[in-house]
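Report on the structure
What follows is each chain in one-letter form.
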Amino acid sequence: LKFLNLILYMIFFFLIIILILNSSFGLENINFIKTFSGDEHRLIRLTESNVYFKNFSTDNFYFYGYLYNYISFFFLTIFELLGQNIQNNPYGFSYIGLFMRLLSVAWSVIFIFFLHKILINIIRINNSLSLSICLIIFTTPEFIFYSMHVHPDTLQLMFFTIGLWYLLQYSIKNRSLAYIF
C-alpha cells in the first residue's frame, strides 16, 4: 500500500512538472491565445496594461470580480520593485501571462491538496483511494485546461475547497459556526 501511495505521489509530481512546463505555450504571441480562450487574452492584456501604467483602475472592465487581477498585480509589482523586468521582451513573449498561468497551476495544486485533506480527514477514506480520486480529477481534460490557462475559476475553486475544509473541520469538532464567523 505504501508503494502504491509512492507511485501516486510520483505521478502527481510528474503531472505538476508537465503543467508548469506547458504553461508557456502560446505566449510568444499574445494574439495567438485569443484563438483558444478570449477570457485569458483579455485578462492578460488588462493586467499588462495595469502593470505598464502602474495603476489598478477598474473603471473599464469587470471580469469575475477583481481578485485574480489584484493578486497578479500585487505580485508583479513586488517583482518589479525587486528589479525584475516583467514587461514583454522584444520578441513579444508575455512574462506577465506566464506568471499568471503559473498562479493558475499553483491554485489548482492547492485545490487538489485540500480535496485530498477533505477525503482523508473528513470523509475518512484511505490514502490510496483519496489519491486515486484526486488523480482522476487532476487528469480530466477540463481541469488540465483551466489549470494551465489564466481564468479565475481555478482561484474560485481553490477558495471554495479551502472554505469547505475549514467549515467541515470545525463542524466535526462540535464547535459553533460563530467561531468561524
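Look up: the structure comes first, before these words.
Notes on the structure follow. Just so you know, these numbers come straight off a predicted model, no measurement behind them. (Residues numbered from 1 in each chain as written. Predicted model: local features only at pLDDT ≥ 70, side-chain atom pairs only at ≥ 80, totals over all residues. Heavy atoms only, no water.)

Our focus in this paragraph is the overall build of the protein chain. From N to C terminus, the protein chain includes eight helices and zero strands. Listing the helices and strands of the protein chain from first to last along the sequence gives α-α-α-α-α-α-α-α. Across the 181 residues that make up the protein chain, the buried fraction comes to 39%. Counting only carbon and sulfur atoms, one obtains 68% of the accessible surface of the protein chain, whose full area is about 10,700 Å². (Helix = DSSP H or I, 4+ residues; strand = E, 2+ residues; numbered from the N terminus. Buried < 20%, exposed > 50% of the residue type's maximum accessible area, 1.4 Å probe, protein only. Areas by Shrake-Rupley, 256 points an atom, 1.4 Å probe, with all protein chains shown as cover.)

What follows concerns the side chain of Thr-47. As for its position among the elements, Thr-47 is in helix H3 (residues 38-53). Within the local environment of Thr-47, its side chain forms a polar contact with the backbone oxygen of Leu-43, the two atoms lying 2.9 Å apart. A distance of 3.3 Å separates a polar atom in the side chain of Thr-47 from a polar atom in the side chain of Asn-69. If sequence neighbours within four positions are ignored, Thr-47 has contacts with Asn-69, Ser-72, Leu-76, Ile-96 and Met-100. (Polar contact = N/O pair within 3.5 Å; in protein donor to acceptor, adjacent residues only side chain to side chain. Contact = heavy atoms within 4.5 Å.)

It is worth spelling out helix H4 (residues 67-81) at this point. For the α-helix, the turn length of 3.6 residues means that residues three or four positions removed from each other point alike. For H4, built from 15 residues, the straight-helix expectation of 21 Å at 1.5 Å per residue is met to within 8% by its first-to-last C-alpha distance of 21 Å. Positive phi appears at Gly-83, one or two residues downstream of H4, with a value of about 95°. (Expected span 1.5 Å × (residues − 1).)

How two aromatic rings sit relative to each other is given by the distance of their centres and the angle of their planes. Using the criterion set out here, one finds 10 aromatic pairs in the structure. For the ring pair Tyr-68 and Trp-107, a centre distance of 4.9 Å and an interplane angle of 80° mean the geometry is edge-to-face. Highlighted residues: Tyr-68 in helix H4 and Trp-107 in helix H5 (residues 95-122), separated in sequence by 39 residues. Under the relative-accessibility criterion, Tyr-68 is labelled buried at 2%. Members of the aromatic cluster, connected to one another through ring pairs, are Phe-12, Phe-111, Phe-138 and Phe-143. (Phe/Tyr/Trp six-rings, centres within 6.5 Å; stacked < 30°, edge-to-face > 60°.)

What follows concerns the nonpolar core. Grouped together as the largest cluster of nonpolar side chains are 23 residues, with contacts concentrated most on Val-51, Tyr-68, Leu-76, Met-100, Trp-107, Val-150 and Leu-155. Put simply, the parts of the chain that give this core at least two residues each are H3, H4, H5 and helix H8 (152-172). If one sorts the elements of this core by residue count, H5 sits on top with eight residues. Among residues more than four places away in sequence, those in contact with Tyr-68 are Leu-43, Met-100, Ser-104, Trp-107, Val-150, His-151, Pro-152 and Leu-155. Among the nonpolar cores identified, the runner-up in size contains 15 residues, and Leu-19, Ile-112, Leu-131 and Met-148 belong to it. (Core = buried A, V, L, I, M, F, W, Y, C linked by side-chain atoms within 4.5 Å.)

Bringing unusual backbone geometry into the picture now. If you check the backbone angles, Arg-124 has positive phi at about 65° while not being a glycine. By the element assignment, Arg-124 lies in the loop between H5 and helix H6 (127-138).

Okay, the layout of surface pockets next. If you add up the space inside the largest pocket, you get close to 160 Å³. Lining the largest pocket, in full, are Tyr-9, Phe-12, Ile-16, Val-109, Ile-112, Phe-113, His-116, Leu-131, Cys-134 and Phe-138. For the lining of the largest pocket, the secondary structure elements donating two or more residues are helix H1 (2-22), H5 and H6. Among the elements that line the lining of the largest pocket, the one with the most residues is H5, at four residues. When the residues that make up the lining of the largest pocket are grouped by side-chain class, the tally is nine nonpolar, one polar and no charged. (1 Å grid on protein atoms, 1.4 Å probe; cavity = no way out; pocket = protein on both sides within 12 Å on 5 of 7 lines; lining within 4 Å. Points joined across faces, edges and corners; volume = space filled by probe spheres on them. Nonpolar A, V, L, I, M, F, W, Y, C, P; charged D, E, K, R; others polar.)

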